[in-house]
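# A closer look at the structure
Letter by letter, the chains look like this.
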Amino acid sequence: MGLYRNEMVQDTILLVGTRKGVFIAASDAARQHWSLRGPFCETWPINHVIADATGTIYAGGGNAWFGPAVWKSTDLGKTWSHSSAGLAYAEGETPISAVWSLAAAHGVLYAGVEPAGLFRSDDAGATWTEVAGLRNHPTRPDWQPGGAGLMLHGILVHPQDPKQLWVMISAVGVLYTADGGASWEHRNLGVKADFLPEPTPEFGQCVHCVAMAPGQPERLYQQSHAGMYRSDTGGRQWVSIQAGLPSGFGFPAAAHPRDPDTVFLLPLNGDTAGRFMPDAQAAVWRSRDAGATWTALRHGLPQLNAYFGVLRQALATDGQTPAGVYFGTTGGGLYTSANEGGSWSCIAPHLPAITSVETLLAG
Amino acid sequence: MPADIAVILPPALLPLFPGCPRRLTLPAATVADAINALEARFPGMADRLRDSRPAIRRHITVFVAGERAGLQSPIPPGAEVFICTAVSGG
């Protein structure tokens, strides 16, 4: 995921969420030299950092002492404020522990939370209102948590139609609305849930990440707990594109900024094998043909003792030409490529565990 | 009008509310009153101290005159309310 404010501007800014605050890295035009600032947000655990179309930065997380909030900076991180006004369930319900995912589109800011629910802000993060239709879904009593809890960890908004959204919930799957969130339907057909007694249920799939292809909002790439998939029908039907990958298990997926056939992944060695880089050798995997074939991109990445993982929101592309690709590891390494994954550099090896990476182009 | 009581806030809370002192004096008869009074002075602070059940947040502890307290605990006139964060994490 990335934000491309203006094709003419040059500098890439990386928005990095970590277990201990937000970091911001800024490049020169060549994307070879980077400067890092942070930690911001009082070292709160932050799950996702994004920027909206105006360049305002939002960071969602939850602090073990002080609860969930969305932080905001209108000056590229120099100063911050926070709010959770309205970001709450009714009295008596299990309280919200953390914000997991953010999305900004069509003048609306969305927040996905744990326990799974969706909130929207129409005043740039000052106040929040629940999109209650989601939790009113008739299947809600049967939603079960994944390993990290029952959280809404992914939000995609249709680029032209503000009423169409996809949300990702573990371990429920993909849900879609065409009416701005009043009603929702499961969209998991074709996705396995091989950890359940019924391997192809209507819902219960452990979706890890869904990326939308540029210019083709009906094309979605899904990294699931149980395989890698593509849909060309907005999630109505999914097909496996796992052949050629070292593993069907991984967390993130990132689309190319312009080519709907190009997608990037970071498969791990398996859900019960430690969830490391396969053979402890790091690689980003790229397809140029919508998942028909895959290429491992290793140049500059550690090929010995790489016992790290990469979380679901910690892989991103930028809007430059060629596209930059960026990821952060659970071991706190921040890696960049200025040539679509052809070669890699580690620009910050010792950050806290990285939960998210997003890009912003600034002049 | 309840009597004024003293509230001592946890240091980690203060950077979230610029200008907030660690020790305040405000009118409150219960812990819930005190949190509402804090919210009136520093909007958003109540969310940081109590959750939506409502209850004092799990890793926040409130002492009234040295005794562990809940939201409905009374605050005797002149008592001190000490709010602290758990010693936890890594």
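Conventions we followed
Residues numbered from 1 in each chain as written. Chains lettered and ligands numbered in written order. Predicted model: local features only at pLDDT ≥ 70, side-chain atom pairs only at ≥ 80, totals over all residues. Heavy atoms only, no water. Phe/Tyr/Trp six-rings, centres within 6.5 Å; stacked < 30°, edge-to-face > 60°. Helix = DSSP H or I, 4+ residues; strand = E, 2+ residues; numbered from the N terminus. Buried < 20%, exposed > 50% of the residue type's maximum accessible area, 1.4 Å probe, protein only. Pairing = 2+ DSSP bridges. Axes fitted to C-alpha atoms, helices over the stretch in contact; angles between N-to-C directions. Disulfide = S-S within 2.5 Å. Contact = heavy atoms within 4.5 Å. Buried area = accessible area lost by both parts, 1.4 Å probe. Salt bridge = Lys/Arg side-chain N within 4 Å of Asp/Glu carboxyl O. pLDDT = per-residue confidence, 0-100.

## A short note on the packing of aromatic side chains
Residue and element names in this part refer to chain A. All told, the structure shown has eleven aromatic pairs over all chains when counted by the stated rule. Taking 5.7 Å as the distance between ring centres and 35° as the angle between the ring planes, the aromatic pair formed by Tyr-89 and Phe-119 counts as tilted. Of this pair, Tyr-89 sits in the loop between strand E7 (81–83) and strand E8 (98–105) while Phe-119 sits in strand E10 (residues 117–121), and the two are 30 residues apart along the sequence. Residue classification places Tyr-89 among the buried residues on the basis of a relative accessible area of 4%. Relative accessible area serves as the criterion here: at 0%, Phe-119 is assigned to the buried category.

## Quick notes on unusual backbone geometry
Residue and element names in this part refer to chain A. The residue after Gly-38, namely Pro-39, is reached through a cis peptide bond having omega -5°. Residue Pro-115 is bonded to the preceding Glu-114 through a cis peptide linkage, with omega at -5°. Secondary-structure assignment places Pro-115 in the loop between strand E9 (108–114) and E10. Positive phi, normally seen in glycine, also occurs at Asn-305, with a value near 55°. As for its position among the elements, Asn-305 is in the loop between strand E23 (295–297) and strand E24 (315–317).

## Some words on the sheet that holds E23 of chain A
Residues and elements named next belong to chain A. Across the sheet, four strands lie side by side as E20-E21-E22-E23; this open sheet has antiparallel pairing. Where the open sheet ends on each side, the last strands, each with one partner, are strand E20 (250–255) and E23. Here the average twist between neighbouring strands, direction ignored, is 30°. Strand direction decides the pairing type here: strand E22 (residues 284–287) and E23, joined by three bridges, are antiparallel. Each residue of the ladder has a partner; that of Trp-285, found in E23, is Ala-296.

## Concerning the state of the cysteines
Taken as a whole and assessed by the stated rule, the structure comprises zero disulfides over all chains. You can see Cys-41 of chain A has no disulfide; the closest cysteine sulfur is in Cys-20 of chain B, sitting 19 Å from it.

## Points about the pairing of strand E3 (residues 34–40) of chain A
All names here are of chain A. Of the pairings in the sheet, the one linking strand E2 (residues 21–27) to E3 comprises five bridges and is antiparallel in character. Among the inter-strand pairings, Ile-24 is bridged to a residue of E3, identified as Arg-37. Counting the residues in the hairpin turn of E2 and E3 gives six residues, including Arg-31, whose phi is positive at 60°.

## Looking at helix H1 (residues 31–41) of chain B
All buried positions along H1 of chain B are accounted for by Val-31, Ala-32, Ala-34, Ile-35, Ala-37 and Leu-38 of chain B. On its buried face, H1 of chain B sits against strand E1 (4–8), strand E2 (23–27), helix H2 (45–49), strand E3 (60–64), strand E4 (67–69) and strand E5 (80–85) of chain B.

## Describing the sheet that holds strand E28 (residues 354–362) of chain A
Residue and element names in this part refer to chain A. Spatial strand order, E3-E2-E1-E28: four strands in an open sheet with antiparallel pairing. Only two strands of the sheet have a single partner each, and these edge strands are E3 and E28. Geometrically, the sheet is characterised by an average inter-axis angle of 20° between neighbouring strands, direction not taken into account.

## As for the interface of chain B and chain A
Residue-level contacts link 18 residues of chain B with 20 residues of chain A. The contact between chain B and chain A buries some 1500 Å² in all, and 56% of this surface belongs to carbon and sulfur atoms. On the chain B side of the contact with chain A, Leu-16, Arg-48 and Ser-52 of chain B bury the most area, a combined 39% of that side's loss. For the pair chain B and chain A, the number of links is zero salt bridges.

## Brief notes about the confidence of the model for chain B
This prediction gives chain B a mean pLDDT of 95; 97% of its residues lie at or above 70. For this predicted complex, the interface confidence reaches an ipTM of 0.95, while the overall pTM sits at 0.96.

## Brief notes about the confidence of the model for chain A
Considering every residue of chain A, the mean pLDDT works out to 95; 97% of them sit at 70 or more. Residue range residues 1–9 of chain A is modelled with pLDDT below 50. Its contacts to residues more than four positions away, or to other chains, number 34 contacts.

## Things to note about the pattern of salt bridges
Residues and elements named next belong to chain A. Applying the stated criterion across every chain, the model contains twelve salt bridges over all chains. The salt bridge involving Glu-185 is made with Arg-187; its shortest N-O contact spans 2.8 Å. Look at Glu-185 and you get partly exposed, because its relative accessible area is 38%. Within the structure, one salt-bridge network assembled from shared partners comprises Arg-219, Arg-230, Asp-232 and Asp-261.

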